[in-house]
Amino acid sequence: MDTSNLLTILGIAIALSAYLSAIRLMAIQKISDISKDDPKGSCKKWDIRKKLGLLTLADIPIVLSAFFLGLHLLWNDLRFNFLGYEIFSGDPYSWLLPVGLWLFLIAGTVMVLLHVFAWIITCSELLRGNKTVEKKVESEVTTVKKEQEKKPEASKLQIEVQESSGEVSES
């Protein structure tokens, strides 16, 4: 394979690796932002960790792919030939390229599958989401109305208590 094509694939692998790393760091930050007082905090953290596990299925092969492709491209320039024969009992240069390309293909396939999975979840939420949003808004409105109804009663009690104690104050 031509060196310029390999450099293109290596650049894509490095960019995808950085992208996945940024997503991972944001998810880890989101885990640390969940309050310890949140009663559903451990469930939320576990859900994020499961998604990070799925992300790892794409992350590992893309990082290894970039490593093997970079090693293949730099093998002769870094003069690793003497190491190859001593450590690997042969020339590892011959298998670096196919392994790197297969890992790139695996990582790309996993990323496509994860995207399709996310699209399916998003579409299903959009199709049934309006009913869920309406119920949530209705419950918030009734909660606010109940709180507003309770407040005037509380102020009447304060007036009665203040009148019985003989103090005059405006509230």
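Quantities reported herein were computed from a predicted structural model and do not represent experimental measurements.

Below, the discussion takes up the packing of helix α1 (residues 3–33) against helix α2 (residues 41–74). Look at α1 against α2: their axes get within 8 Å of each other, and the N-to-C directions meet at 155 degrees. The orientation of α1 relative to α2 falls into the category roughly antiparallel. Seen along the crossing, α1 lies across α2 with a hand that is left-handed. For the contact of α1 with α2, the per-class residue count stands at 21 nonpolar, five polar and five charged.

The subject of this paragraph is the nonpolar core. Counting residues in hydrophobic clusters, the biggest one holds 20 residues, and the most contacted among them are Leu20, Ile48, Leu52 and Leu69. Broken down by secondary-structure element, the contributors of at least two residues to this core are α1, α2 and α4 (93–165). Those residues in contact with Leu52, other than ones at most four positions away along the chain, are Arg24, Ala27, Ile28 and Ile31. One finds Phe68, Trp75, Leu96 and Leu103 within the second-largest nonpolar core, a separate group that totals five residues.

A word on α1. Between its first and last C-alpha, α1 extends 45 Å over 31 residues, near the 45 Å set by a 1.5 Å rise per residue. Looking at α1, one finds that the buried residues are Leu6, Ile9, Leu10, Ala13, Ser17, Leu20, Arg24, Ala27 and Ile31.

Attention now moves to the environment of Trp102. Within the element layout of this structure, Trp102 appears in helix α4. The class of Trp102 is exposed, set by a relative accessible area of 57%. Separated by 40 residues in sequence, Trp102 and Ile62 place their C-alpha atoms 9.9 Å apart.

With the rule as written, the count across this model stands at three salt bridges. Note that Asp59 is salt-bridged to Arg24, the shortest N-O span being 3.3 Å. You can see Asp59 sitting in helix α2 and its partner Arg24 sitting in helix α1, a full 35 residues away along the chain. Note that Asp47 is salt-bridged to Lys50, the shortest N-O span being 3.5 Å. Highlighted residues: Asp47 and Lys50, both in helix α2, separated by three residues, approximately one helical turn.

Reading guide: rules and limits
Residues numbered from 1 in each chain as written. Predicted model: local features only at pLDDT ≥ 70, side-chain atom pairs only at ≥ 80, totals over all residues. Heavy atoms only, no water. Axes fitted to C-alpha atoms, helices over the stretch in contact; angles between N-to-C directions. Helix = DSSP H or I, 4+ residues; strand = E, 2+ residues; numbered from the N terminus. Parallel < 35°, antiparallel > 145°, perpendicular 65-115°, else oblique. Left-handed = near helix turned anticlockwise from the far one by under 90°. Nonpolar A, V, L, I, M, F, W, Y, C, P; charged D, E, K, R; others polar. Core = buried A, V, L, I, M, F, W, Y, C linked by side-chain atoms within 4.5 Å. Buried < 20%, exposed > 50% of the residue type's maximum accessible area, 1.4 Å probe, protein only. Contact = heavy atoms within 4.5 Å. Expected span 1.5 Å × (residues − 1). Salt bridge = Lys/Arg side-chain N within 4 Å of Asp/Glu carboxyl O.

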